[in-house]
Amino acid sequence: MRHAPGCYWVEPQWQRFLWIAANELPLVDELIPFLLARSGQTLDEFCRWVAPRRPLDWVLTMLECLPMSMPTQEELLWRFGPVEDPEIEARRQRILDFLLETSPQKKQQLMLTATRASLRRVLANRQLTPSKDDDARIEACTDLATLERWLDRASNATSVSDMLG
């Protein structure tokens, strides 16, 4: 028997309990603990609705924990673009520092990407153009020490193959 939107009394009378169908609940602040149980398209709808109503750390936790669709996740992440408020920016930086500290793989990936970009910039400034194979080798390299060694060599190498040698 329906008790309220998304809420049903389950019988028999002597063992009555309330069943909550989270996907049917209206989007209102008081129901947020139950709304987190949504799934599929209704979960995406909930995530878009709740993001502007909650603080950044709450939304980041939601992004981390809830299995929403990738387009919804990306849409919500874009909401955290540049801000004017230095306090908000400082909090964001603390969160980012923490996430990088607790995710060594992501930190390593960022360092590899930055080192590859620096290497390519030095080569371009020195008018040394890597071949497709050389560029593929640079891109495929996942050893930071090797990329740093190539970067050091790039400053005085006479060719890209000399640098990679």
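Bear in mind that the values here come from a model prediction, so they are computed numbers and not experimental data.

A.B. asks: Give me the nonpolar core: which residues, what numbers.
C.D. replies: Counting 14 residues, the largest nonpolar core has L119, L123, I138, L147, W150 and M163 as its most contacted members. Of all the secondary-structure elements, those providing two or more residues to this core are α6 (104-125), α8 (144-154) and α9 (160-164). By residue number, the principal contributor to this core is α8, which donates 4 residues. Within the second largest apolar cluster, 12 residues are counted, among which are L43, C47, A51 and L63.

A.B. asks: Give a detailed account of unusual backbone geometry, specifying residues and quantitative values.
C.D. replies: Even without being glycine, Q127 reaches a positive phi, approximately 60°. Mapped onto the elements, Q127 comes out in the loop between α6 and α7 (132-140). Given the relative accessible area of 71%, Q127 is considered exposed.

Definitions and limits used
Residues numbered from 1 in each chain as written. Predicted model: local features only at pLDDT ≥ 70, side-chain atom pairs only at ≥ 80, totals over all residues. Heavy atoms only, no water. Core = buried A, V, L, I, M, F, W, Y, C linked by side-chain atoms within 4.5 Å. Buried < 20%, exposed > 50% of the residue type's maximum accessible area, 1.4 Å probe, protein only. Helix = DSSP H or I, 4+ residues; strand = E, 2+ residues; numbered from the N terminus.

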